[in-house]
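Okay, here's what each chain looks like letter by letter:
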Amino acid sequence: MAKHTTGISFMYYSEDMARAAEQRLEITKDLHPALARNEFEVYYQPQVDLTTNKLTGVESLVRWIKSDGTIIRPDHFIPVAESTGVIIDIGKQVFRKSCRQAREWREKGMLNFKIAINVSVRQFSDPDFVPSLKQILREEEVESSYFELEITESTLMNEVESTIKLLEELNDVGFAISIDDFGTGYSSLNYLLRLPIQRLKVDRSFVMNVEHDEKARTISGLIVSMANNLGIMTIAEGIETEGQLEFIRNLGCKDAQGFYYSKPVNCTEFEKWYKEFKKQGEKHEG
Ligand code: C2E
Ligand code: MG
Ligand code: MG
Ligand code: MG
């Protein structure tokens, strides 16, 4: 009987695996045409200063919007795009669209915040990475100082000396650098301290548990106090509740981002959100 059950679950398992492999193949096939059809859109999620309650930034998050209107989240296609290398072109597209958006917001006089761009390991190790960013800035006529690049801890762990050199080069171009998903990688602190970075993003896996889990509280606290002592700015990602917000604020974390403020939304919805958010702020100030 037990054997029989095992057999059945094995069958389901392999069917699931076959379906996953099929989906992967389909996505692999579709990514290039999707890029050509301009199906990648940028959504924006606000980042708010916990002391002043002012918007300090937005994170650009890519969405694949198919012709039938279906929205595909990055977790479903970024890993595939990384393995085929098409992430390099998707990344350029996301940066270009973010630059155009920056320019439009600047022209409307509303760009008093930074735009954070996610960079994957494959882009980071592309020799054309820095030149292509510079070229896009030139073509779209916006300044690098509006942008922050989010790079995960694991991406930074690859090759110490070349990573430091590349980050310094990006700083020289004018980009701020933040470490995304901080606390989930395996970096040595000794090494991290040598990196020219301006900000740490406390990973959502800690933030989501601070109300109920002593360990999550301890780790979040350690990350924020370490960063504060080193003069590195902090932002907590994935804030959903008032309780999480209060806890994170009391730690001395500088900024916060999460569904509590807004989901990632398209530019039109973001502008609406921002207008409303400013109105609320002015009301509180009296
Ligand atoms: P990430 O950079 O850590 O982005 C944060 C993710 O957490 C986003 O998922 C965001 O929608 C989600 N999130 C934010 N606040 C909350 C919250 O309060 N609760 C919950 N449950 N989730 C929250 P998203 O947009 O699906 O992106 C997933 C990942 O895909 C990103 O993680 C990033 O690693 C990658 N990604 C997204 N856009 C790009 C891109 O343009 N280029 C590259 N290379 N990677 C990207
Ligand atoms: Mg990010
Ligand atoms: Mg993150
Ligand atoms: Mg994360």
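Note on numbering: residues in each chain are counted from 1, in written sequence order. Following the order in which they are written, the chains are lettered starting with A and the ligands numbered starting with 1. It should be noted that, the model being predicted, local features are given only for residues of pLDDT at least 70 and side-chain atom pairs only at 80 or more, the latter also being counted only at that level, while totals for whole chains, interfaces and linings use all residues. Only hydrogens and water are set aside; all other atoms, that is, all heavy atoms of the structure, feed into the side-chain values.

Engineer: Mind showing me how you'd approach the overall build of the chain here?
Structural biologist: Counting from the N terminus, the helices are DSSP H or I runs at least four residues long and the strands are E runs at least two residues long. The secondary structure content of the chain amounts to 12 helices and nine strands. The quantity called the radius of gyration is restricted to C-alpha atoms. Its globule counterpart is 2.2 Å times the number of residues to the power 0.38. Expected size for 286 residues packed as a compact globule is a radius of gyration near 19 Å; at 20 Å, the chain falls within 12% of this value. A principal-axis box enclosing the C-alpha atoms of the chain has dimensions of 70 × 50 × 45 Å. We call two residues in contact whenever any of their non-hydrogen atoms come within 4.5 Å of each other. Within the chain, contacts between residues at least 6 apart in sequence are counted, and of these 69% link residues at least 24 apart. A 1.4 Å probe and the Shrake-Rupley method give the accessible areas. Residues count as covered only by the protein chains that appear here. Carbon and sulfur atoms provide 53% of the accessible area of the chain, an area that totals close to 15,300 Å². A gap of 3 Å separates the mean positions of the 35 positive and 45 negative side-chain charges of the chain. Residues scored as charged are limited to Lys and Arg (positive) and Asp and Glu (negative), so that His and the chain ends carry no count. Charge coordinates come from a single atom per side chain, which is NZ of Lys, CZ of Arg, CG of Asp or CD of Glu.

Engineer: Help me out: how do you make sense of helix H12 (residues 267–285) in this one?
Structural biologist: In an α-helix, one full turn covers 3.6 residues, which means residues spaced three or four apart are oriented alike. To estimate the expected span of a helix, subtract one from its residue number and multiply by 1.5 Å. Over its 19 residues, H12 runs 27 Å from end to end, which matches the ideal 27 Å to within 8%, given 1.5 Å per residue. Here's how the labels work: a residue is buried when its accessible area is under 20% of the maximum for its type, exposed when over 50%, partly exposed in between, all with a 1.4 Å probe on protein chains only. Here H12 has its buried residues at Phe270, Glu271, Trp273, Tyr274, Phe277 and Gly281. With its buried residues spanning 160° around the axis, H12 presents them on a single face. Away from the buried face of H12 by more than 90 degrees, exposed residues Thr268, Lys272, Lys275, Glu282 and Lys283 are located. Where H12 is buried, its residues contact strand S1 (40–49), strand S2 (55–65) and helix H3 (87–107). This arc corresponds to the set of directions leading from the helix axis out to the C-beta atoms.

Engineer: What am I meant to see in the coordination of the magnesium ion (ligand 4) here?
Structural biologist: Working reference: metal with six octahedral donors, ideal angles 90 or 180 degrees; metal with four tetrahedral donors, ideal angle 109.5 degrees. Note that water is not among the atoms considered, so a metal site may appear incomplete; the donors listed are N, O and S atoms within 2.8 Å of the metal, with 3.2 Å applied to Na, K and Ca. Those donors, Asp181 (OD), Asp203 (OD) and Glu237 (OE), are the protein atoms that reach the magnesium ion (ligand 4), and they lie 2.2 to 2.8 Å from it. Between consecutive donors of the magnesium ion (ligand 4), the numbers of intervening residues give the motif D-x21-D-x33-E. The distance between the magnesium ion (ligand 4) and the magnesium ion (ligand 3) is 3.0 Å, with Asp181 acting as a donor to both metals. Of this pair, Asp181 sits in strand S6 (residues 176–182) while Glu237 sits in strand S8 (residues 233–237); the two residues are 56 residues apart in sequence, bridging distant segments of the chain. Taking the relative accessible area as the measure of exposure, Asp181 reaches 24% and is therefore partly exposed.

Engineer: How do you make sense of the nonpolar core when you look at a structure like this?
Structural biologist: Note on soluble globular proteins: their nonpolar side chains tend to be buried together. Core analysis: the largest hydrophobic core is formed by 76 residues, its most contacted members being Leu31, Phe147, Leu149, Leu170 and Phe270. Tallying contributions element by element places H3 first for this core, with eight residues. Setting aside residues up to four positions removed in sequence, Phe270 forms contacts with Tyr44, Pro46, Leu55, Val58, Trp105, Met110, Phe113 and Val265. We define a nonpolar core as any set of buried Ala, Val, Leu, Ile, Met, Phe, Trp, Tyr and Cys residues linked to one another through side-chain atoms lying within 4.5 Å.

Engineer: Just checking my understanding: could you explain the coordination of the magnesium ion (ligand 3) for this structure?
Structural biologist: Protein-derived coordination of the magnesium ion (ligand 3) comes from Asp180 (OD), Asp181 (OD) and Glu237 (OE), at a distance range of 2.0 to 2.4 Å. Taken in sequence order, the residues that donate to the magnesium ion (ligand 3) follow the motif D-D-x55-E. Taken as a pair, the magnesium ion (ligand 3) and the magnesium ion (ligand 2) show a spacing of 3.7 Å, with Asp180 coordinating each metal. Highlighted residues: Asp180 in strand S6 and Glu237 in strand S8, separated in sequence by 57 residues. Residue Asp180 is classed as buried on the basis of its relative accessible area of 6%.

Engineer: I tried to follow the packing of aromatic side chains on my own but got confused; where do I start?
Structural biologist: Aromatic rings considered in pairs are described by the distance between their centres and by the relative angle of their planes. Any two rings among Phe, Tyr and Trp, with Trp reduced to its six-membered ring, count as a pair given centres within 6.5 Å; such a pair is stacked if its planes are under 30 degrees apart, edge-to-face if over 60, and tilted if neither. Applying the stated criterion across every chain, the model contains 17 aromatic pairs. With a centroid separation of 6.0 Å and 25° between ring planes, the pair formed by Phe270 and Trp273 is classed as stacked. Of the two residues, Phe270 and Trp273 both sit in helix H12, three residues apart, roughly one turn of that helix. Note on accessibility: Phe270 and Trp273 belong to one class, buried. Among the aromatic side chains, those forming a connected cluster through ring pairs are Tyr44, Trp105, Phe113, Tyr260, Tyr261, Phe270, Trp273, Tyr274 and Phe277. Here, a charge over a ring means that NZ of Lys or CZ of Arg falls within 6 Å of the ring centre while also lying within 35 degrees of the ring normal. One Lys or Arg, Lys278, reaches over the ring of Tyr274 and ends 4.2 Å from the middle of that ring.

Engineer: Help me out: how do you make sense of the environment of Val94 in this one?
Structural biologist: In this structure, Val94 sits in helix H3. Separated by 31 residues in sequence, Val94 and Arg63 place their C-alpha atoms 9.6 Å apart. Excluding residues that lie within four positions of it along the chain, Val94 makes contacts with Val42, Ser60 and Val62.

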